[in-house]
Amino acid sequence: MSGKLKDLRFKVWIAFLTILSGYINAGAIRSFSLPVSHHTGNVSHLALSIGNKNSEEVLALIFIILAFFAGACLSGLLFHERKFALKKRYGILLMCLALIFFNLAFFKTQVPQNLKTSALSFASGVQNAMFIFYGDILVRTTHITGYLTDAAFALAMCIRGKKDKFRFFIFYSLNILFFLGGGIIASLIKIDSFFLISAGLYFVAGLYYFVMRKKGKI
């Protein structure tokens, strides 16, 4: 029973991070009309902005693409072993993101828009590159396009008779729904509270991680 409880705690943490990603991305779209958790569209948008000689859009898109890259790079430096274990740095990193968003919430009128969108994109990059494994599944909490592909592939394997792949299909499908749920939450809040709620959610994610770690998942 203890093992099942530990596994459940870990699943809840992954689900919470995915909900948080959906919330951050939808909130960024509501606030700035720009997605921050995925960048295929942003790179295409950048190409069009360059072609249209829209320097303001070009600068904004370059900022958020590079911020995502920087966040992923930071995670790469911290989790370079490419082996998941419940280390303190996961919780500390989430708490640091909370601190960034608390500052943005309290100084939002003084902070330029490009810095705000960059902070959101940086957080998404950090989160997406945190090396988290659930069993033999590499978790990417902001990468829903990848989850759609993986869910479809897993379902195809089930249809082909590989029933053991059904758990992969369920995992990816649930995380897509969690991301959707986070976006719905962002659509319902007062947008003036977006950064403050973001900070609170990252703080809860970090705090929950430390509790889970103390309980001893691994």
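S.K.: Even after reading the chapter, I still don't get the overall build of the chain, so can you show me in this structure?
M.R.: For the chain, the count of helices and strands is 8 helices and 2 strands. Secondary structure of the chain in N-to-C order comes out as α-α-α-α-α-β-β-α-α-α. Whereas a compact globule of 218 residues would reach a radius of gyration of roughly 17 Å, the chain reaches 18 Å, a difference of no more than 12%. Per-residue burial for the chain yields a buried fraction of 43% across its 218 residues. A fraction of 76% describes how many contacts in the chain between residues 6 or more apart in sequence connect residues 24 or more apart.

S.K.: Please clarify how the packing of aromatic side chains should be interpreted in this entry.
M.R.: Think of a pair of aromatic rings as described by two things: how far the centres are apart, and how the planes are tilted against each other in angle. A complete count under the given rule lists 16 aromatic pairs for this structure. For the pair tryptophan 13 and tyrosine 209, a centre-to-centre distance of 5.0 Å together with 45 degrees between the ring planes defines the contact as tilted. Of this pair, tryptophan 13 sits in helix 1 (residues 2-32) while tyrosine 209 sits in helix 8 (residues 194-215); the two residues are 196 residues apart in sequence, bridging distant segments of the chain. Both residues of the pair, tryptophan 13 and tyrosine 209, belong to the buried class. Measuring from ring centre to ring centre gives 5.9 Å for phenylalanine 166 and phenylalanine 169, while their planes differ by 35 degrees; the resulting arrangement is tilted. On the criterion of helical spacing, the pair formed by phenylalanine 166 and phenylalanine 169 is a turn pair, its members being 3 residues apart in helix 7 (residues 166-188). On the basis of relative accessibility, which here comes to 42%, the residue phenylalanine 166 falls in the partly exposed class. Connected via pairs of aromatic rings, a cluster forms that spans Phe10, Trp13, Phe79, Tyr90, Tyr209 and Phe210.

S.K.: Could you clarify how one ought to interpret a nonpolar patch on the surface in this entry?
M.R.: On the surface, Phe102, Phe106, Phe107, Leu196, Phe203, Val204, Leu207 and Val211 cluster together into a nonpolar patch covering about 730 Å² of accessible area. Among the elements that line the nonpolar patch, the one with the most residues is helix 8, at 5 residues.

S.K.: Hey, could you run me through the side chain of glutamine 127 in this one?
M.R.: Along the polypeptide, glutamine 127 turns up in helix 5 (residues 113-129). Owing to a relative accessible area of 1%, glutamine 127 belongs among the buried residues under this scheme. There is a polar contact of 2.7 Å between the side chain of glutamine 127 and the backbone oxygen of leucine 17. In this structure, glutamine 127 is in contact with Leu17, Thr18, Leu20, Ser21, Thr141, Thr142 and Tyr202, ignoring residues within four places of it in sequence.

S.K.: Help me out: how do you make sense of the environment of asparagine 128 in this one?
M.R.: Relative to the helices and strands, asparagine 128 resides in helix 5. Put simply, asparagine 128 and isoleucine 185 are 57 residues apart on the chain and 20 Å apart in space, counted from C-alpha to C-alpha. Those residues in contact with asparagine 128 that lie beyond four places of it in its chain are Phe68, Arg140, Thr141, Thr142 and His143.

S.K.: Can you help me understand the environment of proline 35 in this one?
M.R.: Relative to the assigned elements, proline 35 resides in the loop between helix 1 and helix 2 (40-51). Look past the residues within four positions of proline 35 in its chain and what remains in contact with it is Asn25, Ile29, Asn42 and Ile64.

S.K.: Is there a simple way to explain unusual backbone geometry in this structure?
M.R.: For residues other than glycine, phi is negative in most cases, and the peptide bonds are mostly trans. Of note, the phi angle at serine 33 is positive, near 60 degrees, even though the residue is not glycine. Residue placement: serine 33 occurs in the loop between helix 1 and helix 2. Classification of serine 33 as exposed rests on a relative accessible area of 59%. Despite not being glycine, lysine 53 shows a phi value in the positive range, around 55 degrees. The class for lysine 53 is exposed, based on a relative accessible area of 75%.

Rules used throughout
Residues numbered from 1 in each chain as written. Predicted model: local features only at pLDDT ≥ 70, side-chain atom pairs only at ≥ 80, totals over all residues. Heavy atoms only, no water. Helix = DSSP H or I, 4+ residues; strand = E, 2+ residues; numbered from the N terminus. Rg over C-alpha atoms; globule rule 2.2 N^0.38 Å. Buried < 20%, exposed > 50% of the residue type's maximum accessible area, 1.4 Å probe, protein only. Contact = heavy atoms within 4.5 Å. Phe/Tyr/Trp six-rings, centres within 6.5 Å; stacked < 30°, edge-to-face > 60°. Patch = residues over 30% accessible without salt bridge, like charges linked within 9 Å, V, L, I, M, F, W, Y side chains within 5 Å. Areas by Shrake-Rupley, 256 points an atom, 1.4 Å probe, with all protein chains shown as cover. Salt bridge = Lys/Arg side-chain N within 4 Å of Asp/Glu carboxyl O. Polar contact = N/O pair within 3.5 Å; in protein donor to acceptor, adjacent residues only side chain to side chain.

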